[in-house]
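Architecture and fold: a report
So the chains spell out like this:
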Amino acid sequence: QVQLVESGGGLVRAGGSLRLSCAASGLTVSAYLITWFRQAPGKEREFVATITMGSTTNYADSVKGRFTISRDNAKSTVYLQMNSLKPEDTAVYYCATELSGQDYYDPTKYHSWGQGTQVTVSS
């Protein structure tokens, strides 16, 4: 029932910016925990940022101060604004959702995932 589609990835030089979008259907984005994860080749999927139904946000230490998660309820879309990008940010970025949960950082707790969008940051 729930469908998530990521977009906005691409190739950017270090220090540049991208904005990723996660378009949701089958849910009201303000009523769900929605989280961005990323996965680099050969690496496990890791937590990036999350936003709760109460608009509480949390970030991985590696992106704090550079990335901002937000949502547009009218467009049923969650965004990830990425600034000051580094080569180590290169990964496939996924959005995922769950109705609720305290373990927002744990990818095994999510039941719905998008297909991912590639972000590549060059030196």
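Just so it is clear, the structure is predicted and the values come from calculations on it, not from any experiment. Residue indices begin from 1 for each chain and proceed along its sequence in written order. Per-residue local features are limited, in this predicted model, to residues with pLDDT of at least 70; the limit for side-chain atom pairs, both in listing and counting, is 80 or more; totals at the level of whole chains, interfaces and linings are taken over all residues. Excluding hydrogens and water, the side-chain figures rest on all heavy atoms present in the structure.

**Digging into the overall build of the protein chain**
Each helix and strand in the protein chain was counted, giving 0 helices and 11 strands. Only DSSP runs of H or I with at least four residues qualify as helices, and only runs of E with at least two residues qualify as strands; both kinds are numbered from the N terminus onward. When the elements of the protein chain are put in sequence order from the N terminus, they spell out β-β-β-β-β-β-β-β-β-β-β. Here the globule rule is a power law, 2.2 Å times the number of residues to the power 0.38, and the radius of gyration is based on C-alpha atoms. What you see for the protein chain is a C-alpha radius of gyration of 13 Å, in line with the 14 Å of a compact globule of 123 residues. Counting over 123 residues, the protein chain shows a buried share of 43%. Accessible area is worked out with a 1.4 Å probe on protein chains only. A residue is then buried under 20% of its type maximum, exposed over 50%, and partly exposed in between.

**Some remarks on the state of the cysteines**
Disulfides are covalent bonds that connect the sulfur atoms of two cysteines. We call a pair of cysteine sulfur atoms a disulfide whenever their separation is within 2.5 Å. Counted according to the given criterion, the structure contains 1 disulfide. Linked covalently through their sulfurs, Cys-22 and Cys-95 form a disulfide whose S-S length is 2.1 Å. Between Cys-22 and Cys-95, the S-S dihedral sits near 75°, and the bridge is therefore right-handed. Placement of the pair is Cys-22 in strand 3 (residues 18-25) and Cys-95 in strand 9 (residues 91-98), with a sequence separation of 73 residues. The pair formed by Cys-22 and Cys-95 is uniform in burial state, with each residue classed as buried.

Scope: geometric values only; no functional claims are made or implied.
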